[in-house]
Amino acid sequence: MSGEHASSTISAEVRHVESLLEARGLLEPGEIDTRIDEFLAGGSPANGARIVARAWTDPGFAERLLADANAAIREVGLSMAGGIQEQRLKVVANGVGADGTEEHHVVVCTLCSCYPIALLGPSPSWYKSEAYRSRVVRDPRGVLREFGLVLPDSVAISVWDASAESRYMVLPRRPDGTDGLSEEQLAGLVTRKGLIGTAAV
Amino acid sequence: MSRMNDVGGMSGFAPIVEEPDEPRFHADWEAHVFALNAALVRRGVYNLDEFRDAQERLPVREYLAASYYERWFAAIRMLLAEKGVATAEELTHG
Amino acid sequence: MADRFAPGDRVRTRSVDVAGHTRLPGYARGAVGTVVELAGRHPLADERARGRDAEPHAVYHVRFAAADLFGAGDHSVVVELWEDYLVEERA
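Rules and cut-offs
Residue numbering note: each chain is counted from 1, following its sequence as written. Ligands are numbered from 1 and chains lettered from A, in the order in which they are written. Since the coordinates come from a predicted model, pLDDT governs what is reported: local features require at least 70, and pairs of side-chain atoms require 80 or more to be given and counted, while whole-chain, interface and lining totals use all residues. Based on all heavy atoms of the structure, the side-chain values leave hydrogens and waters out of the count. Any pair of residues with heavy atoms lying within 4.5 Å of one another is described as a contacting pair. Accessible area that two parts lose when put together, evaluated with a 1.4 Å probe and summed over both, is termed the buried area. The salt bridge criterion pairs a side-chain nitrogen of Lys or Arg with a carboxyl oxygen of Asp or Glu, the two atoms within 4 Å. The definition of a polar contact used here is a pair of N or O atoms within 3.5 Å, where within protein one atom must be able to donate a hydrogen and the other to accept one, and adjacent residues in sequence count solely through side-chain atom pairs. Strands qualify as paired when DSSP identifies two bridges or more between them. Helix and strand assignments follow DSSP, with helices taken as H or I runs no shorter than four residues and strands as E runs no shorter than two, numbered in order from the N terminus. Throughout this description, the term nonpolar core refers to a set of buried Ala, Val, Leu, Ile, Met, Phe, Trp, Tyr and Cys residues connected via side-chain atoms within 4.5 Å. The buried label applies to any residue whose accessible area, calculated with a 1.4 Å probe on protein chains only, is under 20% of its type's maximum; exposed applies above 50%, and partly exposed to all values in between. Axis definition: a line fitted to C-alpha atoms, limited for helices to the stretch in contact. Angles are taken between N-to-C directions and run from 0 to 180 degrees. Oblique is the label for every angle not falling under 35 degrees (roughly parallel), over 145 degrees (roughly antiparallel), or within 65 to 115 degrees (roughly perpendicular). We call Asp, Glu, Lys and Arg charged. Ala, Val, Leu, Ile, Met, Phe, Trp, Tyr, Cys and Pro are nonpolar, and the rest, Gly among them, are polar. We call Phe, Tyr and Trp rings a pair once their centres come within 6.5 Å, taking the six-membered ring for Trp, and we label the pair stacked below 30 degrees between planes, edge-to-face above 60, and tilted otherwise. A ring is scored as having a charge over it whenever the NZ atom of a lysine or the CZ atom of an arginine sits within 6 Å of its centre and within 35 degrees of its normal. By convention, the crossing between two helices is left-handed when the near helix turns anticlockwise from the far helix through less than a right angle, and right-handed when the turn is clockwise. pLDDT measures the predictor's confidence residue by residue and takes values from 0 up to 100.

1. Things to note about the interface of chain B and chain A
As a measure of interface size, the accessible area lost when the parts come together is often cited.
Part 1 of the reasoning: The interface is formed by 49 residues belonging to chain B together with 51 residues belonging to chain A.
Part 2 of the reasoning: Buried area between chain B and chain A, summed over both chains or domains, comes out near 4,500 Å², and the portion from carbon and sulfur atoms is 62%.
Part 3 of the reasoning: Sorting the residues of chain B by area buried against chain A places Ile16, Arg24 and Arg43 of chain B first, and these three jointly supply 16% of that buried surface.
Part 4 of the reasoning: Across the pair glutamate 31 of chain A and arginine 43 of chain B runs a salt bridge, and its minimum N-O distance is 3.1 Å.
Part 5 of the reasoning: On the surface where chain B and chain A come into contact, there are 18 residue pairs in polar contact (both at pLDDT 80 or more).

2. Regarding the pairing of strand S3 (residues 56–65) of chain C
All names here are of chain C.
Part 1 of the reasoning: Relative to S3, strand S2 (residues 32–43) is paired through seven bridges, and the arrangement is antiparallel. Following the sheet pairing, histidine 42 is matched in S3 by histidine 57.
Part 2 of the reasoning: Where S3 and strand S4 (residues 76–82) come together, seven bridges link them in antiparallel fashion. Bridge pairing in S4 places histidine 61 opposite glutamate 80.

3. Considerations on the nonpolar core
All names here are of chain A.
Part 1 of the reasoning: Counting residues in hydrophobic clusters, the biggest one holds 80 residues, and the most contacted among them are Ile51, Leu65, Leu119, Tyr132 and Met169.
Part 2 of the reasoning: Residue contributions to this core peak at six residues, all from helix H3 (residues 45–57).
Part 3 of the reasoning: Ignoring sequence-local partners within four residues, the contact set of leucine 119 consists of Gly43, Ser44, Asn47, Ile51, Ile73, Leu78, Ser79, Met80, Leu89 and Met169.

4. Thoughts on the packing of helix H2 (residues 48–56) of chain B against helix H4 (residues 68–82) of chain B
Residues and elements named next belong to chain B.
Part 1 of the reasoning: Viewed as axis vectors pointing N to C, H2 and H4 meet at an angle of 110 degrees, and their least axial separation amounts to 8 Å. Viewed along their axes, H2 and H4 adopt a mutual orientation that is roughly perpendicular. Mapping the contact onto sequence places Glu50, Phe51, Ala54 and Gln55 in H2 and Arg71, Trp72, Ala75, Ile76, Met78 and Leu79 in H4.
Part 2 of the reasoning: A per-class count over the contact of H2 with H4 returns seven nonpolar, one polar and two charged.

5. Regarding the packing of aromatic side chains
Part 1 of the reasoning: Applying the stated rule across the entire model yields 20 aromatic pairs over all chains.
Part 2 of the reasoning: Aromatic side chains tyrosine 127 of chain A and tyrosine 132 of chain A sit 5.9 Å apart centroid to centroid with 35 degrees between the ring planes, which places their arrangement in the tilted category.
Part 3 of the reasoning: Residue classification places tyrosine 127 of chain A among the buried positions, given a relative accessible area of 0%.
Part 4 of the reasoning: Ring-pair connections join several aromatic residues into one group, and the members of that group are Phe39 of chain A together with Phe25, Phe34, Tyr46, Phe51, Tyr68, Tyr69 and Trp72 of chain B.
Part 5 of the reasoning: The ring of tyrosine 68 of chain B carries lysine 128 of chain A above its face, with NZ or CZ at 4.7 Å from the centroid.
Part 6 of the reasoning: The ring centre of tyrosine 63 of chain B lies 3.9 Å from the NZ or CZ of arginine 71 of chain B, which sits over that ring.

6. Points about the packing of helix H1 (residues 28–42) of chain B against H4 of chain B
Residues and elements named next belong to chain B.
Part 1 of the reasoning: Two numbers describe how H1 lies on H4: the axes approach to 10 Å, and their chain directions differ by 40 degrees. The angle between H1 and H4 falls in the class oblique. Note on packing geometry: the crossing formed by H1 with H4 is left-handed. Contacts between H1 and H4 involve Trp29, Glu30, Val33, Phe34, Leu36, Asn37 and Leu40 from the former and Tyr69, Glu70, Trp72, Phe73, Ile76 and Leu80 from the latter.
Part 2 of the reasoning: A breakdown of the residues in the contact of H1 with H4 according to their chemical character gives 10 nonpolar, one polar and two charged.

7. Let's talk about the confidence of the model for chain B
Part 1 of the reasoning: On average, residues of chain B score 94 in pLDDT, and 98% of them are at 70 or above.
Part 2 of the reasoning: For this predicted complex, the interface score ipTM comes out at 0.97, alongside a pTM of 0.96.

8. Considering the interface of chain A and chain C
Part 1 of the reasoning: On the chain C side, the residues contacting the 25 residues of chain A number 22 residues.
Part 2 of the reasoning: For the pair chain A and chain C, the two sides together bury roughly 1,900 Å², of which 46% comes from carbon and sulfur.
Part 3 of the reasoning: Taken as a group, Arg138, Ser163 and Glu165 of chain A account for 27% of the area that chain A buries against chain C, more than any other trio of residues on that side.
Part 4 of the reasoning: On inspection of chain A and its partner chain C, the count reaches four salt bridges.
Part 5 of the reasoning: Notably, a salt bridge pairs arginine 88 of chain A with glutamate 37 of chain C, separated by 3.1 Å at the nearest N-O pair.
Part 6 of the reasoning: At the junction of chain A with chain C, the criterion picks out 19 residue pairs in polar contact (both at pLDDT 80 or more).
Part 7 of the reasoning: Mapped by element, the contributors of at least two residues to the side of chain A that touches chain C are strand S1 (88–93), helix H9 (140–146), strand S4 (156–161) and strand S5 (166–171) of chain A.
Part 8 of the reasoning: Ranked by the residues each element gives to the side of chain A that touches chain C, the list is headed by S4 of chain A, at five residues.

Below, the structure written as structure tokens:
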């Protein structure tokens, strides 16, 4: 379905189900509006940007973030508990690994659309699309190129499929020439695509 | 028996399209469906795996024709009927 | 309960094509990969999807070479898998 007519039909149907559930005591009056307001005030990519900027400026924090992200993000006043239940957050870091190889990570949920929504807000539509979910596991280099991110062959790519209970966030590599920037300025460089891995930062 | 949701590695879907300045929801009803699902899971009417399973059990043709939140709403109605909260008829008369 | 697998273990995923809800993606069925680390313990999604209460089981990040999944590709894919989907792969 699409278009305005379909949209007004489905909104009437949704309202109908809500009132039916209210009548049967399964929803409190006004509960849905309260939940929407809470949700819209909650997760946002800015949270991820704050975490990244802290990791770039505080190596100890970066280490704790990669070891136990749920505990580390509480240090900056954030948590993964804002959704239906607290979920495990796994942060994967771009850059040169222990074996000297440069790694780039990219996140997908091939089976549905799992995403750290409580922390980062809703995912973009392309992340939920069959087009992205089907292709990025098979041809990440090609998909990243379409996003404008051309990685040299020497960069090893890991695709993380959120197929169970963890939710993932990429810690991008700090861009060169940013030594003089404050933590807040650094946070301003980080994009949602950078946190998913379809952009460098 | 792979289900329609299991698309990893599959070919033939449309190109990936980015929407500049995409809103968090494209219509009010989408936000309502999102919140409705969260409320029903919190209340224990069904769990998240039952919710995913219900989407996967939608007829393939309906699944592919539906938008993201249309699938959610179809799954919510399917589960409410299966759990005996209301009949399918009660849930569709808008 | 002791964990069945440790980081570095080689594991093979279930190849059976189950009828119901599962969280083993089709592209990773019957494939051999390496355990990265434990990702927590949770009731098996396949059971919860049937509305059943289930005991928490170990979940692992398992790394696969793309070439082993798709016959091509120089990348790797890390899938998060319940121990129920995995058997030890003997060298």
